[in-house]
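Summary of structural features
The residues making up each chain are set out below.
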Protein chains: 2
Amino acid sequence: MNIGDAAKASGVSAKMIRYYEEIGLVPKAARRGSGYRDYGEADVHRLRFIRRARDLGFAVEEIGELLALWSDRTRASSAVKAMALSHVEDLRRKRDEIDGMIATLEGLAACCHGDDRPDCPILEELATETAPVGPPPGPPRFGRPGGRAPQRS
Amino acid sequence: MNIGDAAKASGVSAKMIRYYEEIGLVPKAARRGSGYRDYGEADVHRLRFIRRARDLGFAVEEIGELLALWSDRTRASSAVKAMALSHVEDLRRKRDEIDGMIATLEGLAACCHGDDRPDCPILEELATETAPVGPPPGPPRFGRPGGRAPQRS
DNA sequence: ATAAAGTTTCCCATCATGGGAAGGTCAAGG
DNA sequence: CCTTGACCTTCCCATGATGGGAAACTTTAT
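The sections below set out a description of the structure shown in this document. If you're wondering where the values come from, they're calculated on a predicted model, not measured in any experiment.

A word on the protein's contact with DNA strand D
- Taken together, 19 residues lie near DNA strand D, and Lys15, Tyr20 and Arg54 of chain A together with Gly4 and Arg18 of chain B sit nearest.
- The sugar-phosphate portion of DNA strand D accounts for 70% of its atoms within 4 Å of the protein, the bases making up the rest.
- Taking Arg54 of chain A, its side chain carries an N or O atom lying 2.7 Å from a sugar or linking oxygen of DNA strand D.
- Here a phosphate oxygen of DNA strand D and a side-chain polar atom of Arg18 of chain B are 2.8 Å apart.
- At the level of secondary structure, the elements contributing two or more residues to the surface near DNA strand D comprise helix H2 (14–22) of chain A together with helix H1 (3–10) and helix H2 (14–22) of chain B.
- Element by element, the count of residues in the surface near DNA strand D is highest for H2 of chain A, at four residues.

In structure tokens:
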């Protein structure tokens, strides 16, 4: 099986397959006489595993751990569960951060009449000298704890 | 004002201030005889604006547009509102994607007894030959439409 | 035999951020 | 006056996961 076929079969692009090999996430593929990489069912299986884990938001490094657990027949399921739940915590943090942004922006947008006139509470808020205000009407105030907003696409 | 003071006053690191200057997000700072950059209140004000916008998840390029609107006294507030709401849409998409991951992972984790035994539905799911199954008990099934999970920290 | 499609490696780009080195500048204290 | 430490400058490198593209080679189909 060529890399292209393995890519189609696993849903991982050929580029990424080579990358995963380079960083050691997957073992070095066998080579044919021509130098072409040669893949079997087991490799595709492994790649599919990786792709699924990526879809669930696991970082490549974490996937390495998952793969290790996967190939360890004596693993304790608690170890896997712990990884999963810890990852869920990460995801929740990110989601909450995004929710905070959404709440603030919607609050501001709701205050903005959004017509031809130039005065706009959104810009005013961004330009405020002091601390941010957020949506004036009561509900749950969003408070970013501190530090930079880390990643965003 | 030195760059360090501007950094403290604005909440943008000195590194990033130089970077923003380099990419043209902020105008080239005035220089003193020594070569040191020199900042005034207006510069700090602008940097603070940028930082706030970053905190709301705007990309640097979008912030450039926001700054342009900000400095355009004749802007229509509708333009700003449109940017804000379009960004909210982006954020919502990301959040929903994360929510899907959380739902799937929690469903799997709930099925995993999480003890010493090696059998683990989480790994089984990742290793499944066919399509993912997700949390078996009824509720809203999470369906990722297709394509890669794009960014994750 | 030739053309098309697939593969190889290598380099570059992204996006926002930080680390660190080598060297210049400034302010305070002796 | 000189030293010391804190600050500044530029330049290069790294991150994480992904893609783009070039130049050269192999395989496959016509």
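Section: the interface of chain B and chain A
- With 65 residues of chain B at the contact, the number on the chain A side is 65 residues.
- Interface area for chain B against chain A, summed over the two sides, is near 5800 Å², with a carbon-plus-sulfur share of 61%.
- On the surface where chain B and chain A come into contact, there are four salt bridges.
- Between Arg92 of chain B and Glu106 of chain A there is a salt bridge whose closest N-O contact spans 2.8 Å.

Some points on the packing of helix H3 (residues 41–55) of chain B against helix H4 (residues 60–71) of chain B
All names here are of chain B.
- Direction vectors running N to C along H3 and H4 enclose 130°, while the axes themselves pass 10 Å from each other. By the angle class used here, H3 and H4 are oblique. Judged by the sense of rotation from one axis to the other, the crossing of H3 with H4 is right-handed. Residue-level inspection shows His45, Arg46, Phe49, Ile50, Ala53 and Arg54 of H3 in contact with H4, the latter providing Val60, Ile63, Leu66, Leu67 and Trp70.
- Along the lines of polarity and charge, the residues of the contact of H3 with H4 split into eight nonpolar, one polar and two charged.

Looking at the protein's contact with DNA strand C
- Tyr36 and Arg37 of chain A together with Lys15, Tyr36 and Arg54 of chain B are the nearest of the 20 residues found near DNA strand C.
- Within 4 Å of the protein, the contacting atoms of DNA strand C are drawn from sugar and phosphate to the extent of 66%.
- Between DNA strand C and Gly4 of chain A there is a distance of 2.8 Å, counted from a phosphate oxygen to a backbone nitrogen or oxygen.
- Between Arg31 of chain A and DNA strand C, the recorded distance is 2.9 Å, taken from a side-chain N or O atom to a phosphate oxygen.
- Those elements that provide at least two residues to the surface near DNA strand C are helix H1 (3–10) and H2 of chain A together with H2 of chain B.
- Tallying contributions element by element places H2 of chain B first for the surface near DNA strand C, with four residues.
- When grouped by side-chain class, the residues that make up the surface near DNA strand C number eight nonpolar, five polar and seven charged.

A closer look at a nonpolar patch on the surface
Residues and elements named next belong to chain A.
- On the surface, Met16, Tyr19 and Ile23 cluster together into a nonpolar patch covering about 250 Å² of accessible area.
- Mapped onto the secondary structure, Tyr19 falls in helix H2.
- Judged by its relative accessible area of 38%, Tyr19 falls in the partly exposed class.

Some words on the packing of H1 of chain A against H2 of chain A
All names here are of chain A.
- In the contact formed by H1 and H2, the axes pass within 8 Å of each other and the chain directions differ by 100°. Here H1 lies roughly perpendicular to H2, going by the angle between them. Along the contact surface, H1 presents Ile3, Ala6, Ala7 and Ser10, while H2 presents Ala14, Ile17 and Arg18.
- Of the residues assigned to the contact of H1 with H2, the class counts are five nonpolar, one polar and one charged.

Description of the environment of Ile122 of chain A
- Looking at the element boundaries, Ile122 of chain A is found in helix H6 (residues 121–127).
- When residues no more than four places from it in sequence are discounted, the contact partners of Ile122 of chain A are Leu108, Ala109 and Cys112 of chain A together with Val80, Lys81 and Ala84 of chain B.

Regarding the side chain of Glu62 of chain B
All names here are of chain B.
- Residue placement: Glu62 occurs in helix H4.
- Arg54 provides the closest opposite charge to the buried, salt-bridge-free Glu62, at an N-O distance of 7.0 Å.
- Ignoring anything within four residues of it in the chain, the contact list for Glu62 reads Gly57, Met83, His87 and Asp90.

Parameters and conventions
Residues numbered from 1 in each chain as written. Chains lettered and ligands numbered in written order. Predicted model: local features only at pLDDT ≥ 70, side-chain atom pairs only at ≥ 80, totals over all residues. Heavy atoms only, no water. Near = heavy atom within 4 Å. Polar contact = N/O pair within 3.5 Å; in protein donor to acceptor, adjacent residues only side chain to side chain. Helix = DSSP H or I, 4+ residues; strand = E, 2+ residues; numbered from the N terminus. Contact = heavy atoms within 4.5 Å. Buried area = accessible area lost by both parts, 1.4 Å probe. Salt bridge = Lys/Arg side-chain N within 4 Å of Asp/Glu carboxyl O. Axes fitted to C-alpha atoms, helices over the stretch in contact; angles between N-to-C directions. Parallel < 35°, antiparallel > 145°, perpendicular 65-115°, else oblique. Left-handed = near helix turned anticlockwise from the far one by under 90°. Nonpolar A, V, L, I, M, F, W, Y, C, P; charged D, E, K, R; others polar. Patch = residues over 30% accessible without salt bridge, like charges linked within 9 Å, V, L, I, M, F, W, Y side chains within 5 Å. Areas by Shrake-Rupley, 256 points an atom, 1.4 Å probe, with all protein chains shown as cover. Buried < 20%, exposed > 50% of the residue type's maximum accessible area, 1.4 Å probe, protein only. Lys, Arg positive; Asp, Glu negative; His and termini not counted.

Read these as layout, nothing more, since geometry by itself doesn't imply function.
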